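# Fold and geometry: a report
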Amino acid sequence: MRENQFREESYMEVTEVRARAEWSRFCSEKKLDEKKAEFIVDNKSCLAEEGCHIRGTQSGAVIEAKTSRGLLYGVFRLMEHCRLSGNQFGEVDDIIAPYSDLRMLWSWGRIDGNYRHAPFSGLRSMINVEAMRDPEGTPEMMRFLRHAASMGVNALAITHELHHLEIEQYDQHGFRPYYEEIRSFSQYLKQWGIDLYLYTAAAPEREWRMLTGKGDCAFDPEVRAFTVDFIDEISSELPEVKGLVVAGGLGGYAGGHLYDCSCEYCRGKAMAERVQEQVTLFSSALAAHGKKLVYTVTTDYPFTMDREVEVVLDQVGAIPENTVLSFKDCFHDFEELRYPEHPVFSHLLEQGEVLGNRNLAVEYQLFPEMRGKGSILSNIAEKWGDIFRMSEKCGIRNVIGIIETHPADEHPSMADWYCFGRFAMEPEASPCTLLQNWGSLNFPAETVETLCEVLLKSNRAAGDILYAAGVQCGIHGMIIPFPRFTCDIMNDTWCGIPKKPHGYIGNSDRLGDVYSETRRKELLSDPRLYLFDYMVKVDGELKRMLLTEKEEGIRLYEEIYEAWKKAGSLFSGEHEGYKRLLSMMERNKNDARRFAVYLEVFLDWQMGVCSVQQIEKLRREHVGTGAICSIHTCDALLDAFLTRLARLVEDPSVQQINDGILPLYTREQAESL
C-alpha cells in the first residue's frame, strides 16, 4: 500500500493537470464548452485504483476518479463518447475498472535511430532520442502519447539493443550516452501516468563475456557482481525509471545459455533452478532500489517452447512480488493468423488454480510485421479477443503491446491498437463492437458496418493466403521468394525439413508435449493445422487441398475489395483512410492470385512435374500485366522467383544459396508501404 501511495503522489498533480489540459484542447478543437464537464478526484472513492465513473447527458458530464490516472483515462474516454455523439455531449454512464494491472507498450525501435530490420529502416518507431528531448515539439510523439492515454497505457519500455542475431553485443551500458534524455523523458511521462522501463538482456554484454570468458550463470559470483553493478548504476543515474524489461536466459533471441551452461557453479542444478536464480538475481537487485522486473521467457524458437512452458509452470506461485514473467500470445513470433495460442495457456487452464498467476503477462504485437509489414490487410481483433478471455480465465493480469511503427489514425493497423487497449481494460469486450467503435471514430457512420465486416473477413483471408494448412508460406507473414532459397516459399520459418524436389513438407510431431494432452488432441483434429502437425509427401491430393485453401483466400479478398469499393459512394469527399484501404485491398486481391501461383508451381516442382515451359507460361501470364501488387509479389520478385526455379528445373544441382538473383527491397519501396 505504501508503494502505491508513493507512486500516486508522484504522479497526481502533473497527471491531473495534463488531463485537464487535454480536455481543454479537445473542447477548443470541437467547439465544446469545457466548463460543462466536472472532474472529481477522490482517493477515498470505492472506484478501482486507476478507474473512473463517467456520467453524462446532453447538457454536460461528470468524471469521478480515485486517482489522477483514472481521471486521465476518463477524460480520453469522454472525448471518445463525444466524438461518437457527433462532437457533442450525450447520454453516457460508463464505469472504467481496468482488468490488467500492467498495461505496457514496449518499443522495439532503437532509441538511437537504428532500426533492427533492414530494409525497413524508414518505418522505425517515433520513440527516439530526438523526440525524447522535445516531446511537446514532436507531433508524432504527442499523437502517440494521446493514443497511449486513450488505451489506458501505464508503462512504456524503450530499447537500445534487441536481437542477438542482429546486433554486435548485448550492452547493458548502452543507455549511458542517453542518460540525460532518458531522465527528462521519464519525468515528462509522469504527465501521462506512464512509468518508464528500459529493455536489456540477462546475458551480460559481449565485451565483458569475451574479457572474462564467463556466460550468464547467475550462480557465478562474477556474473552476479556484474548484474548488481549495472543495475546499481542505472538506478542511481535514472532514479525515475520504474524498472527493467529483461530477455531471459532460455536461449533464442534472449541470447542466454542457461540450458547449455556447465560451469562449476551450476553443474548438477536443474534448468528450473538456474532460471529461478537468474530471476531472483535481477528482481532482488532491482527491489533494493524500489524498482520492478519484467522477465520475458520467450525463446523465439518453436522447438524450444518446452523451456518456456517449463519455466512458467515452475515459477507460478513463486514469482517475486516486484516481478512479472511474460510470454508471447501465440505459438511462435506473433503468427496469430493460423498458429494456435501459446501452450502455457492450456496447462494453466487445466491446473484450475489462478491465484498465483497475477504476476504473469502476455505479449501482443501491435505492428503487423508477421502479417506482411502492414501491406496485407489482416485484422486480429477476434483472435485477440479469444486470447484475452483465455488470459482472464487463467488469472493473468498484465499485458504488453510490442510496437515499432505508428500508422495514421485511420490506418487499419490502428484498429489493433484500439482493440488492444480496450481488451486490456475489458477482456470480455466484443471484438465486433470494438471494431465498430474504431470505425465510427475514423470513418463516416454510413460506412462502419461494411468496414467492420471487411476487417473481420480479412483475418480469415490472410490466414488462407499466408499459410498452407497451418504451415507458414515464407518469412514473417510474407509469401515471397526471399533472398535465400527458392524452397523458403514454404519454409514455415523454423521448419527444419529440407524442401528439396520430391521431398516432404510440413512438420513431424511438432506439438510434442508442449501443449496439454487435451489441447493437443483438439489441435490435431483441426484441418487448418494439418501440415503444422504432420510431415507428408507432396502429391496431387495435397496439392488440391492447399490450392482450395488459396482459392478461398482469393475469393474473400475479392469480396472485401468489391464491398469496400462499393462503399465509396457513401463518402461525400476525399477521405485518405478510404483511399488507403481501397489501395491495400486492390493489391491484396492481386497478391492473393500470385501467392497461389507461387504455391502451385512450388508444389509441382516438389512432385517432379514442373517444366521450364510451364514456368515460362506463368511468366507471360503474370509478369508485365500491369497488375497493382504489393512489393511482396511485384513483377521483379515474381520474375526472379521464376528465373531461379527454371534454373533448378534445368539443373537440380544448382546450389540453393543467396546468389544475388533475388533483389532486396530498396528504401523507397519500404517507405511506400
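All of these numbers come straight from a predicted model, not from anything done at the bench.

Calculation rules
- Residues numbered from 1 in each chain as written.
- Predicted model: local features only at pLDDT ≥ 70, side-chain atom pairs only at ≥ 80, totals over all residues.
- Heavy atoms only, no water.
- Pairing = 2+ DSSP bridges.
- Helix = DSSP H or I, 4+ residues; strand = E, 2+ residues; numbered from the N terminus.
- Axes fitted to C-alpha atoms, helices over the stretch in contact; angles between N-to-C directions.
- Expected span 1.5 Å × (residues − 1).
- Buried < 20%, exposed > 50% of the residue type's maximum accessible area, 1.4 Å probe, protein only.
- Core = buried A, V, L, I, M, F, W, Y, C linked by side-chain atoms within 4.5 Å.
- 1 Å grid on protein atoms, 1.4 Å probe; cavity = no way out; pocket = protein on both sides within 12 Å on 5 of 7 lines; lining within 4 Å.
- Points joined across faces, edges and corners; volume = space filled by probe spheres on them.
- Nonpolar A, V, L, I, M, F, W, Y, C, P; charged D, E, K, R; others polar.
- Contact = heavy atoms within 4.5 Å.
- Parallel < 35°, antiparallel > 145°, perpendicular 65-115°, else oblique.
- Left-handed = near helix turned anticlockwise from the far one by under 90°.
- pLDDT = per-residue confidence, 0-100.
- Phe/Tyr/Trp six-rings, centres within 6.5 Å; stacked < 30°, edge-to-face > 60°.
- Lys NZ or Arg CZ within 6 Å of the ring centre and 35° of its normal.

Moving on, we get to the sheet that holds strand β10 (residues 323-328). Around the barrel, which closes on itself, the eight strands sit in the order β5-β6-β7-β8-β9-β10-β11-β12 with parallel pairing between neighbours. Taking each pair of neighbouring strands and ignoring which way they run, the sheet shows an average axis angle of 25 degrees. Pairing geometry for strand β11 (residues 360-365) and strand β12 (residues 398-403), over five bridges, is parallel. Looking at β12, one finds that V362 is bridged to V399.

Along its 13 residues, helix α4 (residues 139-151) runs 18 Å from first to last C-alpha, staying within 8% of the 18 Å computed at 1.5 Å per residue. Those residues of α4 not exposed but buried are M141, M142, F144, L145, R146, H147, A148, A149 and M151. Immediately beyond the C-terminal end of α4, within one or two residues, lies G152, with a positive phi of roughly 75 degrees.

Glancing now at the nonpolar core. Soluble, globular proteins show a tendency: their nonpolar side chains are buried together. Counting residues in hydrophobic clusters, the biggest one holds 178 residues, and the most contacted among them are W23, L105, F144, L156, I158, I182 and W564. The greatest single-element share of this core, amounting to 15 residues, is contributed by helix α18 (residues 576-607). The next biggest cluster of nonpolar side chains, apart from the first, holds 21 residues, and it includes W106, A201, A247 and I402.

Using the criterion set out here, one finds five cavities of 30 Å³ or more in the structure. Looking at the largest cavity, its volume works out to about 90 Å³. Considering the residues around the largest cavity, the lining is formed by P368, R371, G374, I376, L377, S378, N379, H411, P412, S413, D416 and M584. By residue class, the composition of the lining of the largest cavity is five nonpolar, five polar and two charged.

This next bit is on the side chain of T15. Along the chain, T15 falls in helix α1 (residues 2-30). Those residues in contact with T15 that sit more than four places away from it in its chain are S68, R69, L72, K190, Q191 and G193.

Another aspect to go through is the sheet that holds strand β1 (residues 37-41). With mixed pairing, the four strands of this open sheet are ordered in space as β1-β3-β2-β4. With one partner strand each, in any of the chains shown, β1 and β4 (92-96) form the two edges of the open sheet. Between one strand and the next, the sheet's axes are offset by a mean angle of 10 degrees, whatever the strand orientation. Here β1 runs beside strand β3 (residues 60-65); their pairing, made up of five bridges, is parallel. Counterpart to V41 in the pairing with β3 is A65. Across the face of the sheet, helix α2 (residues 68-84) comes into contact with β1, β2 (52-57), β3 and β4 while running at roughly 155 degrees to β3.

For the rest of this paragraph, the subject is unusual backbone geometry. Residues other than glycine seldom take positive phi values, yet K31 does so here, at roughly 60 degrees. For K31, the location among the structural elements is in the loop between α1 and β1. Note on K31: relative accessible area 74%, which makes it exposed. Not every positive phi belongs to a glycine, and D333 is a case in point at roughly 50 degrees.

With respect to the helices and strands, R460 occurs in helix α14 (residues 448-466). When the C-alpha positions of R460 and Y557 are compared, they lie 9.5 Å apart, and in sequence the two are 97 residues distant. Once residues within four sequence positions are removed from consideration, R460 is found in contact with R338 and L556.

Attention shifts here to the pairing of strand β7 (residues 195-201). For β7, the buried fraction is high: seven of the seven residues fall into the buried class. Note: strand β6 (residues 155-159) against β7, four bridges, orientation parallel. Within the sheet, the bridge partner assigned to L156 lies in β7 and is L196.

To describe two helices that pack against each other, one gives the angle between their axes and the distance between the axes. Interaxial distance between helix α12 (residues 413-425) and helix α13 (residues 431-442) falls to 10 Å at its minimum, and their mutual angle equals 125 degrees. Comparing their axes, α13 and α12 come out oblique. Handedness of the α12/α13 crossing: right-handed. Residue-level inspection shows M414, A415, Y418, C419, R422 and F423 of α12 in contact with α13, the latter providing P431, L434, L435, N437, W438 and L441. Of the residues belonging to the contact of α12 with α13, the class tally is 10 nonpolar, one polar and one charged.

Turning to the confidence of the model for the protein chain, a few remarks are in order. Taken over all residues, the pLDDT of the protein chain has a mean of 87, while the share at 70 or more is 88%. Counting interchain partners and residues more than four positions distant, the pLDDT-below-50 stretch residues 1-10 has 10 contacts. Note that pLDDT drops below 50 for residues 657-673; the model gives that stretch 39 contacts with residues more than four away or on any other chain.

Within this structure, the stated rule accounts for 30 aromatic pairs. Note on W106 and W108: the rings are 5.7 Å apart at their centroids and 90 degrees apart in plane angle, and the pair reads as edge-to-face. Ring centres 5.9 Å apart and planes at 65 degrees place the aromatic pair W108 and F367 in the edge-to-face group. Separated by 259 residues along the polypeptide, W108 in strand β5 (residues 102-110) and F367 in the loop between β11 and α11 (381-394) bring together distant segments of the chain. Given a relative accessible area of 3%, W108 falls into the buried group. Residue placement shows R397 over the ring face of Y99; its charged tip is 4.0 Å from the ring centre. Between the NZ or CZ atom of K589 and the centre of the ring of Y561, over which it lies, the distance is 5.0 Å.

Glancing now at α11. The end-to-end C-alpha distance of α11 is 20 Å, a good match for the 20 Å that 14 residues give at a rise of 1.5 Å each. Buried within α11 we find A381, K383, W384, G385, I387, F388, M390, S391 and C394. The secondary structure elements touched by the buried residues of α11 are α10 (343-351), β11, β12, α12 and α13. At the C-terminal side of α11, G395 shows a positive phi close to 80 degrees.

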